[in-house]
Amino acid sequence: MSFAKKYHKKLPTAFKIQITSMVDMFVILLVFLIKSYSTSPVQIDASKDLRLPSSISSTAPVDVLKLMVSKNNIFVEGHKVVDLNSGTIDKKDLDREDPNYIPELFKALDAEAKKAQAISKVNDEVAFEGKVLVQADKDLNYEILQKILHTSAVAGYSDIKIAVMVND
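Residues numbered from 1 in each chain as written. Predicted model: local features only at pLDDT ≥ 70, side-chain atom pairs only at ≥ 80, totals over all residues. Heavy atoms only, no water.

A. Highlighting the environment of Ile-144. Position of Ile-144 among the secondary structure elements: in helix α4 (residues 142-154). Sequence separation between Ile-144 and Thr-88 is 56 residues; the distance between their C-alpha atoms is 6.7 Å. (Helix = DSSP H or I, 4+ residues; strand = E, 2+ residues; numbered from the N terminus.)

B. How the structure looks around the nonpolar core. Leu-67, Val-69, Ile-74, Ile-102, Leu-105, Leu-109 and Ile-148 are the most contacted members of the largest nonpolar core, which totals 23 residues. For this core, the secondary-structure elements that each account for two or more residues are β2 (65-69), β3 (73-76), β4 (79-85), α3 (103-122), β6 (131-136) and α4. The biggest single contributor to this core is α3, with four residues. Not counting the four nearest positions on each side in its chain, Leu-109 is found in contact with Leu-65, Leu-67, Val-76, Thr-151, Ser-152, Ala-155 and Tyr-157. (Core = buried A, V, L, I, M, F, W, Y, C linked by side-chain atoms within 4.5 Å. Buried < 20%, exposed > 50% of the residue type's maximum accessible area, 1.4 Å probe, protein only. Contact = heavy atoms within 4.5 Å.)

C. Structural detail: α3. Look at α3: 29 Å from first C-alpha to last across 20 residues, which is about the 28 Å you get at 1.5 Å a residue. Taken together, the buried positions of α3 are occupied by Leu-105, Ala-108, Leu-109, Glu-112 and Ala-113. Buried residues of α3, viewed axially, fall in a sector of 135°; they line one side. Residues of α3 that are exposed and point over 90 degrees away from its buried face: Lys-107, Lys-114, Lys-121 and Val-122. (Expected span 1.5 Å × (residues − 1). Arc of directions from axis to C-beta.)

D. The arrangement of the pairing of strand β7 (residues 159-162) in detail. Note: β6 against β7, four bridges, orientation parallel. In the sheet register, Val-132 faces β7, and the bridge partner there is Ile-160. For the handedness criterion, the β-α-β arrangement of β6, α4 and β7 is classed as right-handed. (Pairing = 2+ DSSP bridges. Right-handed = clockwise from strand over helix to strand, strands pointing away.)

E. Representation of the packing of aromatic side chains. Tallied over the entire structure, the rule returns two aromatic pairs. Between Tyr-101 and Phe-106 the ring centres are 5.6 Å apart and the planes differ by 50°, which places this aromatic pair in the tilted class. Ring plane angle 80° and centroid distance 5.4 Å describe the contact between Phe-128 and Tyr-157, whose orientation is recorded as edge-to-face. Placement of Phe-128 in the loop between α3 and β6 and of Tyr-157 in the loop between α4 and β7 is noted, with a sequence separation of 29 residues between them. What makes Phe-128 partly exposed here is its relative accessible area of 26%. A relative accessible area of 3% means that Tyr-157 is categorised as buried. (Phe/Tyr/Trp six-rings, centres within 6.5 Å; stacked < 30°, edge-to-face > 60°.)

F. Highlighting the side chain of Lys-147. Secondary-structure assignment places Lys-147 in helix α4. The class for Lys-147 is buried, based on a relative accessible area of 9%.

G. Fine view of the pattern of salt bridges. Tallied over the entire structure, the rule returns nine salt bridges. Linking Asp-93 and Lys-92 is a salt bridge whose minimum nitrogen-to-oxygen distance equals 3.4 Å. Residue Asp-93 is classed as buried on the basis of its relative accessible area, which comes to 17%. Note that Lys-115 and Glu-112 form a salt bridge whose closest N and O atoms lie 3.5 Å from each other. Of this pair, Lys-115 and Glu-112 are both found in helix α3, three residues apart, which corresponds to roughly one turn of the helix. Assessed through its relative accessible area of 46%, Lys-115 is described here as partly exposed. (Salt bridge = Lys/Arg side-chain N within 4 Å of Asp/Glu carboxyl O.)

H. Region of the structure containing the pairing of β4. The pairing of β3 with β4 spans four bridges and is antiparallel. By the bridge assignment, Val-76 is partnered in β4 with His-79. What sits between β3 and β4 in their antiparallel hairpin is a turn of two residues, with Glu-77 showing a positive phi close to 50°. Note that β4 and strand β5 (residues 88-89) share two bridges and pair antiparallel. When the bridges of β5 are listed, Asn-85 appears paired with Thr-88. Where β4 folds back on β5, the antiparallel hairpin that results is connected by two residues, among which Ser-86 adopts a positive phi of roughly 55°.

Right, here's the structure in full:
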């Protein structure tokens, strides 16, 4: 009997695949995907110098224009518009005739409104509704928020939502 015949006889007739480790890997992937899945279509990214006020509200945010106000800056859709100095706005950044009006903020909001209106002319499913989601630091003075809300209303954004941290 040759060496090949002896070796061939020792091989098992059925080969079994061990899938235990593969099942473990898929379970880990499934758990990761479930934990990272978000049911909200809105992505709210808070900067490191922004602390949102807390609330017990359970209303889900809507996907609208995002205006973020930290102690140091005002952002529209992630683009810096106006610098703040420890939560106060410089007089040079305000309108001389209307101290509640911020011209640079108006320009940025008006540009976003015109962009949304142009899209709504081409796409019937999209309509400009004048909604804005404001993420404001909880330690900001109401006076600065009043100026921002006034300027937003002048730019056509009169439906204002305030982002908060939900207390569980």
